[in-house]
Structures are given as structure tokens and as C-alpha cells.
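Architecture and fold: a report
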Amino acid sequence: MTATNRGRSPTQMAFKRLRRNRLAMLGALVVMMVTVLAFFPSWLVPSHADGAGPYGFAEQFRGAHEYQQPPGIPGHPLGTDELGRDVWTRIVYGAGISLRVGLVGTLVALFIGLILGSIAGFRGGRIDTLISRLTDTFFAFPSLLLMIGILAVFEKPNEIVIFAALGVVGWPGVARIVRGQVISLRGSEFVLGARALGQSDTRILIGHVLPNCLGPVVVVSTLMIAGNILAEAGLSFLGIGLPPPSPSWGRMLVDSKEYWVDMPWMGIFPGLSIMITVLGFNLLGDGLRDAFDPKMKD
Amino acid sequence: MSKCLSRTSVFMSWLVILSMVAPGCTARMESGTDTVFEIESISAPRSDGIFRIPLMTNPPDLDPILVSDTTSDGVASKIFNTLLDYDPELKLEPCLAVSMPEISSDGTQYDFTIRAGVRFSHGRAITAADFKYSLQRLASVRSKRPNLIEPILGASEAIESARSSQEDAPEIAGIEVLGDLQLRITLKKPYAPFIYHLAMVNTAVVPRELVEQHGHAFSRKPTGTGSFVLEKWKEGTSLLLKANPDYFEGAPKLAGILYRVIPEPLAQLEEYKAGNFEVMAVTQGVFPKWSRSNRADEVLSWPSLTVQYYGFNLEKQGSPYAGDSDSARKLREAVNLSVDRKFLGEVLLEGRFFAANGILPPGILGHNADRPAYPLDQERARALLAEAGYPGGKGLPSVDLWFNTQGDNAKIAQSVQEDLRKVGIPIGLKMLDWGAFLESTDAGEPSFFRLGWVADYPDPENFLAFLFHSKNKGPNGNVAFYDNPEVDALIDRSYTITDMDERIRLLQQAESKILDDYPWLFLLFGRETILIKPYVKNFTPTGMCDDVQGNHVRWHLVQIDNVGTQ
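Each value, and the rule that gives it
Residues numbered from 1 in each chain as written. Chains lettered and ligands numbered in written order. Predicted model: local features only at pLDDT ≥ 70, side-chain atom pairs only at ≥ 80, totals over all residues. Helix = DSSP H or I, 4+ residues; strand = E, 2+ residues; numbered from the N terminus. Buried ≥ 20, exposed ≤ 12 C-beta atoms within 10 Å, placed from the backbone. Contact = placed C-beta atoms within 7 Å. Pairing = 2+ DSSP bridges. Axes fitted to C-alpha atoms, helices over the stretch in contact; angles between N-to-C directions. Parallel < 35°, antiparallel > 145°, perpendicular 65-115°, else oblique. Left-handed = near helix turned anticlockwise from the far one by under 90°. Nonpolar A, V, L, I, M, F, W, Y, C, P; charged D, E, K, R; others polar. pLDDT = per-residue confidence, 0-100. Core = buried A, V, L, I, M, F, W, Y, C linked by C-beta atoms within 7 Å. Expected span 1.5 Å × (residues − 1). Arc of directions from axis to C-beta.

Attention now moves to the overall build of chain A. Helix and strand counts for chain A come out as eleven helices and zero strands. Going from N to C terminus, chain A has its helices and strands arranged as α-α-α-α-α-α-α-α-α-α-α. The proportion of buried residues among the 298 residues of chain A is 49%. Residue pairs at least 24 apart in sequence account for 70% of intrachain contacts in chain A once pairs closer than 6 positions are excluded.

Another point: the overall build of chain B. A tally of helices and strands in chain B yields 16 helices and 19 strands. Seen along its three principal axes, the alpha-carbon backbone of chain B occupies a region of about 75 × 65 × 55 Å. Classification of the 566 residues of chain B by burial places 45% in the buried group. Across chain B, every contact between residues at least 6 apart in sequence was considered, and the portion connecting residues at least 24 apart equals 69%.

This part covers the environment of Phe468 of chain B. Residue and element names in this part refer to chain B. When you line up the elements, Phe468 lands in helix H14 (residues 460-468). For Phe468, a count of 26 C-beta atoms within 10 Å gives the class buried. Residue contacts for Phe468: discarding those within four places in its chain leaves Asn478, Tyr482, Val487 and Ile514.

The subject of this paragraph is the pairing of strand E6 (residues 175-179) of chain B. Residues and elements named next belong to chain B. Pairing between E6 and strand E7 (residues 182-186): four bridges, direction antiparallel. Across the sheet, Ile175 pairs through a bridge with Ile185, a residue of E7. Connecting E6 to the antiparallel partner E7 that follows it, the hairpin turn spans two residues.

What follows concerns unusual backbone geometry. Residue and element names in this part refer to chain B. Positioned with a positive phi, Gln166 is a non-glycine residue whose angle comes to about 60°. Tracing the sequence through the fold places Gln166 in the loop between helix H4 (155-165) and E6. The phi torsion at Phe481 lies on the positive side, around 55°, for a residue other than glycine. Within the element layout of this structure, Phe481 appears in the loop between H14 and helix H15 (485-495).

A word on the packing of helix H9 (residues 326-338) of chain B against helix H11 (residues 378-387) of chain B. Residues and elements named next belong to chain B. Relative orientation of the contacting elements H9 and H11 amounts to 165°, with a least axis distance of 8 Å. As far as their axial angle goes, H11 and H9 are roughly antiparallel. In the packing of H9 onto H11, the handedness of the crossing is left-handed. Contacts from Lys330, Glu333, Ala334, Leu337 and Ser338 of H9 reach H11 at Gln378, Arg380, Ala381, Leu384, Leu385 and Glu387. Partitioned by chemical class, the residues of the contact of H9 with H11 number five nonpolar, two polar and four charged.

Turning to the confidence of the model for chain B, a few remarks are in order. This prediction gives chain B a mean pLDDT of 88; 93% of its residues lie at or above 70. Model confidence for the complex is summarised by a pTM of 0.78, with the ipTM given as 0.75.

All names here are of chain B. With respect to topology, four strands assemble into an open sheet ordered E4-E5-E7-E6, the strand pairing being antiparallel. With partners counted over all chains shown, the strands left at the sheet margins are strand E4 (102-103) and E6, one partner each. Here two bridges tie E4 to strand E5 (residues 109-113), and the two strands are oriented antiparallel to one another. Looking across to E5, one finds that Glu102 is bridged to Asp111. Contacting E6 and E7, helix H3 (residues 128-137) runs over the sheet at an angle of about 175° to E6.

All names here are of chain B. Judged by pairing direction, the sheet is mixed, and its four strands sit side by side in the order E1-E10-E9-E8 without closing on themselves. Edge positions in the sheet fall to strand E1 (50-55) and strand E8 (228-234), since each of these pairs with one other strand and no more. Shown here is a sheet whose adjacent strand axes are inclined to one another by a mean of 20°, direction ignored. Pairing between E8 and strand E9 (residues 238-243): six bridges, direction antiparallel.

Right, let's talk about the nonpolar core for a bit. One finds Ile114, Met280, Ala334 and Leu464 of chain B to be the most contacted residues of the largest nonpolar core, which totals 152 residues. With eight residues, strand E17 (residues 520-532) of chain B is the largest single contributor of residues to this core. Leave out the neighbours within four places in its chain, and Ala334 of chain B touches Ala381, Leu384, Leu385, Ala388, Val423 and Ile425 of chain B. By size, the runner-up hydrophobic cluster in this structure holds 74 residues, among which are Val34, Leu99, Leu242 and Leu253 of chain A.

A word on the confidence of the model for chain A. Residues and elements named next belong to chain A. Averaged over all residues, the pLDDT of chain A is 83; the fraction at 70 or higher stands at 89%. Taken element by element, the predicted model of chain A shows its lowest mean pLDDT in helix H3 (residues 41-44) (75) and its highest in helix H5 (residues 125-140) (93). In this model, residues 59-64 is a region of pLDDT below 50 whose contacts with residues beyond four sequence positions or in other chains number twelve contacts.

All names here are of chain A. At a minimum axis distance of 7 Å, the contact between helix H2 (residues 22-39) and helix H11 (residues 265-292) shows a crossing angle of 135°. Considered as vectors, H2 and H11 are oriented oblique to each other. Handedness of the crossing formed by H2 with H11: left-handed. Across the interface between the two elements, Leu23, Ala24, Leu26, Gly27, Ala28, Val30, Val31 and Val34 from H2 touch Ile276, Thr277, Leu279, Gly280, Phe281, Asn282, Leu283, Leu284, Asp286 and Gly287 from H11. Of the residues contributing to the contact of H2 with H11, the split by class is twelve nonpolar, five polar and one charged.

Here we take up the pairing of strand E15 (residues 427-432) of chain B. Side-chain direction in a regular strand flips from residue to residue, so the side chains alternate between the two faces of the sheet. Note that strand E14 (residues 399-404) of chain B and E15 of chain B share six bridges and pair parallel. When the sheet's bridge partners are listed, Trp402 of chain B is paired in E15 of chain B with Lys430 of chain B.

Bringing helix H4 (residues 87-123) of chain A into the picture now. Since the α-helix turns once every 3.6 residues, residues separated by three or four places project in the same direction. Residues and elements named next belong to chain A. The end-to-end C-alpha distance of H4, which contains 37 residues, comes to 52 Å, matching closely the 54 Å that a straight helix rising 1.5 Å per residue would cover. In terms of burial, H4 is largely enclosed, as 28 of its 37 residues are buried. Within two residues after H4, Gly124 carries a phi angle of roughly 65°, on the positive side.

The next point concerns the environment of Asp377 of chain B. Residue and element names in this part refer to chain B. Assignment of secondary structure puts Asp377 in the loop between strand E13 (353-355) and H11. Taking the C-beta count within 10 Å as the criterion, Asp377 has 15 such neighbours and is therefore assigned partly exposed. The spacing of Asp377 and Lys513 is 136 residues in sequence and 22 Å in space, taken between C-alpha atoms.

Before going further, it helps to examine the environment of Arg100 of chain A. Residue and element names in this part refer to chain A. Note that Arg100 resides in helix H4. Here Arg100 falls in the partly exposed class, since 16 other C-beta atoms lie within 10 Å of it. It is 17 Å that separates the C-alpha atoms of Arg100 and Trp171, two residues lying 71 residues apart in sequence.

Attention shifts here to H2 of chain A. Residues and elements named next belong to chain A. Here H2 spans 26 Å end to end across 18 residues, near enough to the 26 Å set by a 1.5 Å rise per residue. All buried positions along H2 are accounted for by Leu23, Ala24, Gly27, Val31, Val34, Leu37 and Ala38. Seen end-on, H2 carries its buried residues on one side only, within an arc spanning 135°. Across from the buried face of H2, at angles greater than 90 degrees, the exposed residues are Arg22, Met32 and Phe39.

Below is the structure:
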């Protein structure tokens with residue numbers, strides 16, 4: 001019954017370690033929950049007979065005096081905001097925004113970072129110097145200021161602009177890690193073997209080197225997703241993220257600012273959503289890091 | 001290491017969750033009107049007779065020719081006086097002039113007699129020559145309001161020549177000193193609203209010798225004839241004004257006025273409650289609570305001369321709302337009938353605004369109090385939408401509503417967007433910062449945009465001419481690019497008429513003609529609301545008064561009632 005005498009790949013061992021890490025599993029659970037919210041919002045919000053949809057306006061909210069109501073009144077588990085919109089509906093639709101921004105922003109950063117990092121590491125020499133100095137330059141910018149600068153160019157920022165901004169800010173971290181990994185793998189025996197078989201540089205890089213750097217890249221991207229969700233919330237809070245009426249959590253927070261004395265629920269729930277989601281991704285990322293750490297024992 | 005961190009962060013997060021949910025359970029807002037809040041607030045008058053006012057910012061300039069913001073205006077108007085001023089009903093009355101001017105029958109010559117024996121606070125008596133000098137200063141390069149004297153004969157030339165000569169007070173032929181206390185102002189052509197300029201603090205009288213002695217520093221050491229004198233100014237922190245015992249209308253009842261700069265409204269409120277301010281401007285959340293509390297008598301509110309509107313760019317290519325076709329007009333009317341202004345004014349903005357019934361707010365001469373405010377009539381709006389050729393909104397393209405980031409704009413815009421969506425009118429929202437926003441509206445870029453107008457003087461001309469005369473299209477104020485020759489003719493005719501009632505009648509006609517075309521989504525009129533301690537007497541604000549600044553309040557009569565402590 002035991003699997004002890006079967007051979008296991010390092011990845012399998014890593015996932016086994018991950019499964020044993022309770023905090024990481026908690027993180028994974030949170031991530032799964034947020035994903036469900038993001039992909040199936042219509043399952044989880046009250047009916048929108050009035051076509052309320054993503055804005056979260058309650059049906060006939062004005063006639064029924066349903067604006068500015070505390071959590072727990074019928075139909076509005078988390079209360080309504082200053083305009084009478086259902087806070088729960090907005091949080092559910094906001095999950096989609098946060099997750100999209102987190103994931104796609106990270107993918108953009110990965111795309112740029114993987115290409116530049118692997119070229120720098122694999123080629124070395126002048127190209128390496130050039131790309132490394134470029135990375136340093138981007139690292140030297142305060143990331144928030146850089147993003148504000150990028151967004152300021154666009155009058156009406158949409159999600160695509162935010163993805164791009166997050167990618168531009170995030171890629172140097174990826175590039176640096178990938179470069180280090182590639183340099184350490186470059187001289188390894190399986191690369192020499194592939195070269196002896198006459199494979200091209202591109203093929204060696206894509207087929208042999210990159211798959212072996214994936215561990216650290218997965219870890220760094222998980223943590224980056226969390227960072228990106230926070231960054232989007234921060235940008236919205238500063239008023240330069242997604243424009244209203246988009247139910248971004250950061251925007252909900254900033255809208256709640258002047259009401260926090262009388263209607264704290266307007267800020268508490270989006271704040272909690274940001275916190276729990278970011279915590280979930282961070283726990284998962286930490287767990288992945290531990291799991292992929294070759295020095296960790298089973 | 002990382003595990004350890006995670007554990008701490010989980011613990012911390014529970015702490016945060018608990019601490020945030022706890023107050024959430026108790027702080028509930030009741031929706032009934034019978035709820036009475038108990039507010040702790042000290043209201044014992046201080047015996048030193050100093051009236052204390054919070055400011056959001058340091059006043060940038062106190063030299064009358066540089067004043068262009070409400071904060072500076074509020075302070076400067078206590079230090080300086082003008083020829084004319086407003087009575088509590090917002091009618092002009094003489095101030096430093098003995099009486100209202102004699103105006104020649106062709107409406108171009110204004111003869112003033114200056115009050116005898118009025119002295120600047122440094123002791124010298126004022127003369128007609130001081131007024132000539134003070135008005136001429138407005139033509140200098142440094143002046144921020146040269147437009148105020150532009151209607152005067154020879155003023156345009158003086159402004160032009162000052163640009164090259166850098167002269168501080170270039171000679172203007174249309175301002176003549178006829179005697180020690182006799183002043184004559186001649187206009188290029190009749191322009192009836194000119195008389196209001198003489199009640200704006202920018203035209204206040206200043207002593208030449210001190211202006212020349214201090215140069216640019218006069219803005220920091222202002223001296224005038226007003227009821228108060230600047231005693232001490234700690235930039236960015238506080239200003240202390242002392243009563244002027246020789247004030248020509250009688251010595252002030254207050255010993256002084258202390259302004260303190262506190263940019264954070266919540267901090268202002270706490271200080272007010274602690275008894276450190278006599279007044280404060282009401283901000284979000286204060287009015288609903290205080291007006292239903294044991295302190296309801298401290299809430300003071302009056303209509304201000306402002307209108308908030310969403311304009312349609314009537315010359316925008318491709319916008320279904322542009323042009324004077326019947327379909328576009330019906331669309332604009334449908335938009336006007338789809339918006340719940342009562343919700344905006346009373347609920348969302350907590351009574352700081354109320355539903356508009358046209359262009360001219362109450363307090364402006366010619367405001368029509370009999371016309372009802374625009375109603376919410378979704379049925380009629382849907383019918384109009386169908387008549388315009390878009391039944392149920394089918395085929396109607398979405399236009400973007402442009403607005404700037406400040407204040408309540410985003411809230412109002414989202415509510416209006418939802419109101420319009422219910423009827424079938426789709427709009428998008430586009431938020432810009434103030435500078436970019438103004439630039440694009442002036443250039444006529446947006447087809448639908450938010451703007452407001454605050455009266456410079458309580459006359460319909462100040463609204464109708466700037467906002468609707470075709471010669472003012474674009475940056476001058478008519479950003480709806482409204483163009484109606486009949487309206488132009490009515491406004492032009494009103495300039496030549498000095499009989500007030502006749503003028504107002506013409507301008508009222510112009511207003512109703514404009515209303516018929518629906519160039520705007522007419523939204524809200526403004527209201528100023530402040531908290532004021534019950535022991536303050538004779539604080540009588542008018543529509544020209546910006547919250548706690550108290551412009552055109554008779555400050556020499558304002559009193560701190562010490563009866564309780566004597």
C-alpha cells in the first residue's frame with residue numbers, strides 16, 4: 001500500500017510537501033474561493049431583475065429606502081452603499097477585477113521577464129550586461145510612481161492599460177530570477193548533452209533550461225499576483241485606477257472614506273476582501289517556496 | 001523564516017478582522033426621522049471676544065487686485081471696503097459712497113460722492129483720488145481681475161500699455177476725480193452689470209503710499225478701511241485680525257477674528273465640538289446627524305448662488321444630443337425627466353444641494369420661484385425617447401459623461417448613469433483631473449460633461465450671458481456651444497437698459513427660451529450649511545456668502561453673547 005519504494009520526481013515530492021503544509025492549503029482554499037467568485041458571479045448574488053449587473057444597484061433601491069443600510073437587512077447581507085448599491089454584489093464582481101488584474105498583470109510581467117531573463121542568462125556577455133543594467137534601471141524606479149506615470153498618459157484607464165502597467169513594473173523581478181537560474185543551469189550536464197546532440201540554442205533554452213527554472217518562477221508569480229491585487233487597489237484608492245462605476249475593491253475603499261464613521265461596512269468588507277485574498281495568495285506562495293526548496297526534507 | 005511570518009500575519013489578520021467588525025455592529029444609521037442623536041459639544045462663550053474660524057488653506061493673497069479665491073476674498077473683505085455693498089436681500093447699497101451713483105440717461109456715466117471722514121486704518125482720510133488709483137491698479141500686469149474695469153472708457157488701452165510699461169496703475173481716462181470726494185466713471189458703452197463690480201473686493205480702496213512703500217509685500221501687510229485690521233499672519237498656520245475701533249460704521253462688537261488653517265474636516269469638527277471654533281463648514285455626514293440631534297439649533301443653512309449642470313455639447317459631431325433637430329431636443333428633454341434630483345440633493349448630498357428648476361438659483365434677481373423643479377417622470381421620458389426615434393433606447397449610441405475627480409462628482413455621475421439606464425439611455429463615465437477636464441471642455445471635446453457656475457454678482461446676466469451668449473462659446477463659459485440669435489438679442493438689449501425691472505424681465509424671457517431648448521441636464525442648486533455656536537449673534541449670511549468665510553456679512557455687528565458668563 002505504501003508508495004515508498006516507487007520513485008518520485010522532485011515536483012511530485014514538492015507537491016507532497018505542499019499538501020502537508022496546512023497554511024498553504026488554507027491559502028489555496030482562499031484562492032479557489034476567490035476564483036469561484038470571479039468566474040461565476042451570477043451564482044452568488046441576489047437576482048438582478050432590474051438588470052443591476054456589475055454595478056450592484058439594488059432593485060428599486062430608492063423606493064424601498066434601501067440606500068445606506070447596514071449589513072443584514074433582507075437581500076443585502078453586507079448592507080448597501082451611499083448610492084444604494086448592494087455591497088455583496090459589488091464585492092463579488094470586484095473579485096473578477098482583482099483576479100484578472102492579478103493574473104494578467106503577472107502574465108505580462110512573466111512574458112517580458114522570462115524572455116529577457118533567459119536571453120541574458122543564456123547568452124551572457126554584452127547582452128547580459130545590457131539587459132541586467134536595464135533591469136537595474138527599472139528596479140530603481142519607485143514602482144507606484146512608475147505606474148502612476150504610465151496610467152497618467154491614458155485619459156480613461158481600462159483594464160488593459162492596468163495590465164500593461166503592472167507588467168512593466170513587475171518584469172524586472174522575474175527577469176533577475178530567471179537569469180540566475182539559467183546561468184546556473186547553463187553549464188549542467190543535460191545542457192551539454194543536448195548541445196552534443198546538435199540542438200539549437202532556442203531549442204535547448206525552451207526544451208531543457210526553462211522547464212527547470214519553473215519552480216522559483218511559480219513561487220515568485222504567486223506572490224506577484226498578491227502584489228498586483230494590492231497595487232490595483234492602491235491605484236484605485238488614489239483615484240487613477242479603473243474609473244467608476246467599476247466595482248474595484250480599491251475604489252470601494254476610497255468611496256467609503258468619507259462615510260466610515262456612519263457606514264463602516266462600506267469600507268470593512270472591501271478591505272477584508274483585499275486582505276483575505278492577498279493573504280491567501282501569500283500563504284500559497286510561501287508554501288510553494290518551501291515546497292520547492294530542495295533543502296527541505298520530506 | 002517564511003513560515004514564522006505567515007503565522008504572525010494570520011494572527012494579525014484575525015486581530016484586524018475583529019477590531020473592524022466590532023464597531024460595525026454598533027454604528028448603525030437609523031432611517032427613521034425620529035431618531036435623536038446626543039452630541040457632546042461645548043458651547044460656552046469665551047470672554048476675550050475673539051471669533052475663531054477654521055480655514056482649509058492659507059489665503060494665497062490679500063491684496064485686492066490679486067484676490068481670486070474664496071478664502072482670500074473672505075479675509076480681505078473684512079480688511080477692505082468697496083464703494084458699494086450688498087444688503088441682506090442682496091440688493092446693492094452704498095458703502096464708502098454716500099449714496100447710489102447718479103447714472104446718466106445714456107447709461108455710461110456714473111457719478112459717486114465719497115463718504116467724508118472715512119479713514120484708512122493707519123489714519124489718513126480717503127479721497128476720490130484713492131479710488132482712481134485703486135481702480136487703475138486693476139489694469140496692471142500683476143492684477144488677476146483686469147476684466148472688472150474693462151468696460152471703463154480707456155481701460156483696454158491702459159491694460160495694453162501696462163503690459164509693456166509694467167506700470168502699477170496706468171492712467172485710465174474714464175476715471176475722473178472731480179473734487180476731493182467726487183468721482184466720475186465713464187464707460188465705453190452702456191453695460192448695466194458694471195455696477196456690481198464696484199461691490200467686489202477687487203475694487204476696494206487702498207492707500208497709495210503704503211502700496212508703493214511695501215510693493216509686492218502689500219499682499220502680506222494689507223491696509224484698508226475695513227472693520228478689522230490684520231494683526232498677525234503666521235503663513236499656513238493662522239491669521240489674527242484685530243477690531244478697527246475707528247471703523248466708519250461703528251466699532252466692531254468683536255475684539256478680533258482668529259483664523260486657523262486646518263485642512264482636515266474631521267479635525268475641524270473635533271475642535272468645533274471642543275469649543276475652539278465659533279463656526280465650521282458642514283462636511284459629509286455632519287448635517288444628517290446634527291440636524292436630528294440635541295444641537296440642531298447650531299445648524300445654519302442658506303441657498304448659495306450656484307447651479308450644477310451636465311451640459312450637452314450642441315455642436316459635437318456624431319453626438320445624438322447635438323444640434324437643434326426635433327429628435328435631439330426630445331432626447332435632451334428625456335434625459336432631464338429621467339434623473340432623480342430629490343435623491344441626489346436630499347439623500348446623497350445630504351441637503352447641500354436641491355433640485356433645480358432652471359438656470360437661475362434663488363437669490364439671483366429674476367429667479368422664478370413659481371416654476372416647479374424638474375420632476376422625475378420615467379414614463380414621459382420613455383415616450384420622448386420613442387418619439388426621438390429610439391424606442392426603449394434601441395439604437396441610441398452611448399456617450400461618455402466627462403467629469404472631474406473632485407468632491408461628490410463621481411457619486412452624482414454614477415447615480416445619474418443608473419437613472420438614465422433605467423429609462424434606456426446608455427452613458428459611460430470618464431473621469432479627469434480638473435486641469436485636463438477644463439482644457440477639454442473649453443475645446444469642446446466631450447459631448448456630455450459636468451460643470452457648475454457660482455455667481456460673481458447676484459444678477460441673471462452673470463449666468464445667461466457667460467453661459468449661453470453665442471459670443472462666449474468655448475473658454476469664455478458657453479461650453480454647451482449654445483447659439484440662439486433670439487437669446488443673444490435679448491441679452492444684448494438688456495445691457496443698454498438701466499431700469500432694473502425692465503432688464504430683469506428681458507433676461508427672464510431669455511432664460512425661458514433657453515430652457516425650452518434643453519441645452520443642459522439641469523441638475524441642482526446649491527446650499528451652504530455651517531455649524532455655528534448658539535451664542536453668536538447677528539451672523540446674517542446671504543447667497544453671496546461662502547460658508548464660514550462670511551463674505552458680505554456685516555462683521556462689525558457680529559457679536560459673541562457673553563450674557564451667560566457675566
